[in-house]
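Below, each chain spelled out in residue letters.
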Amino acid sequence: QVQLVESGGGLVQPGGSLRLSCAASGSIFSINVMGWYRQAPGKQRELVVSITSGGSTTYADFVKGRFTISRDKTKNYVYLQMNSLKPEDTAVYYCYMEVTTSRWGMSAAYWGQGTQVTVSP
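Quick look at the structure, then. (Residues numbered from 1 in each chain as written. Predicted model: local features only at pLDDT ≥ 70, side-chain atom pairs only at ≥ 80, totals over all residues. Heavy atoms only, no water.)

**Description of the overall build of the protein chain**
Worth spelling out the cut-off: Secondary structure elements are taken from DSSP: a helix is a run of H or I of four residues or more, a strand is a run of E of two residues or more, and numbering for both begins at the N terminus. Restricting the calculation to C-alpha atoms gives the radius of gyration, and the globule rule supplies 2.2 Å times the number of residues raised to the power 0.38. Categorising residues by exposure relies on relative accessible area from a 1.4 Å probe, with only protein chains included: less than 20% of the type maximum marks a residue as buried, more than 50% marks it as exposed, and the intermediate range marks it as partly exposed. Only heavy atoms matter for contacts: two residues are in contact if any of them lie within 4.5 Å across the pair. Shrake-Rupley sampling with a 1.4 Å probe provides the accessible areas, and residues are treated as covered by the protein chains on show and by no other component. Note that His is not counted, nor are the chain ends; the positive residues are Lys and Arg, and the negative ones are Asp and Glu. Working definition for charges: the position is that of NZ of Lys, CZ of Arg, CG of Asp or CD of Glu.
Within the protein chain one finds 0 helices and 11 strands. Going from N to C terminus, the protein chain has its helices and strands arranged as β-β-β-β-β-β-β-β-β-β-β. By the compact-globule yardstick of 14 Å for 121 residues, the protein chain fits well, its C-alpha radius of gyration being 14 Å. For the C-alpha atoms alone, the extent of the protein chain along its principal axes is close to 50 × 25 × 25 Å. The burial tally for the protein chain puts 39% of its 121 residues in the buried class. Counting contacts in the protein chain only where the partners sit at least 6 residues apart, residues at least 24 apart contribute 54% of the total. Carbon and sulfur atoms make up 49% of the accessible area of the protein chain, which amounts to about 6,400 Å² in all. Once the 11 positive and 7 negative side-chain charges of the protein chain are each reduced to a mean point, those two points are 5 Å apart.

Have a look at this one:
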């Protein structure tokens, strides 16, 4: 019912920047939370940053001051601007949204397919 499609990953040198995008489509009544998670090889998936419909943000300590989340509510897009990238930022980054598909429906979680970010000299 709801599809999330990410773009913008790739290979970047330490200190560089990347911008990830995620577009939501399908049967969307409202989006309550948007966010980004990441999963490095051999590690659990972890929250990078989230933003509520009211604009409240939660950043992981390891990205504060380097990453910025933004969104276009009219187009159901969420973005992640990543600056000052470090090798330890290497991971698959997943877009995440909590979406209500009808006026009386419950909110459900949806995930993108993931996009690889590799930070290496």
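**A short note on the pattern of salt bridges**
We count it as follows: In the sections that follow, a salt bridge refers to a side-chain nitrogen of Lys or Arg positioned within 4 Å of a carboxyl oxygen of Asp or Glu.
Scanning all chains against the criterion turns up 4 salt bridges. Among the salt bridges present, the one from Arg38 reaches Glu46, with a minimum N-O distance of 2.9 Å. Among the ionic pairs, Asp89 bridges to Arg66, the shortest N-O distance being 2.7 Å. Taken together, the residues span a long stretch of sequence, with Asp89 in the loop between strand 8 (77-82) and strand 9 (91-100) and Arg66 in the loop between strand 6 (57-59) and strand 7 (67-72) at a distance of 23 residues.

**Notes on unusual backbone geometry**
Positive phi, close to 60°, is recorded for Asn76, a residue that is not glycine. Considering the arrangement of structural elements, one finds Asn76 in the loop between strand 7 and strand 8. The phi angle at Ser84 is positive, at roughly 50°, despite the residue not being glycine. For Ser84, the location among the structural elements is in the loop between strand 8 and strand 9. By relative accessible area, Ser84 is classed as partly exposed at 41%.

**Focus: the side chain of Arg38**
Convention followed: Think of a polar contact as two N or O atoms within 3.5 Å of one another; within protein, one of them needs to be a possible hydrogen donor and the other a possible acceptor, and neighboring residues in sequence only count if both atoms come from side chains.
Positionally, Arg38 belongs in strand 4 (residues 30-39). At 2.9 Å, the side chain of Arg38 and the side chain of Asp89 are in polar contact.

**Some words on the sheet that holds strand 1 (residues 2-7)**
We count it as follows: Two strands form a pair only when DSSP identifies at least two bridges running between them. Axis definition: a line fitted to C-alpha atoms, limited for helices to the stretch in contact. Angles are taken between N-to-C directions and run from 0 to 180 degrees.
Taken in spatial order, the 4 strands line up as 1-3-8-7 in an open sheet, and their pairing is antiparallel. For this open sheet the edge positions go to strand 1 and strand 7, each flanked by a neighbour on one side alone. Each strand of the sheet is rotated relative to its neighbour by a mean of 15°, with strand direction disregarded. Relative to strand 8, strand 7 is paired through 6 bridges, and the arrangement is antiparallel. Across the sheet, Ser70 pairs through a bridge with Tyr79, a residue of strand 8.

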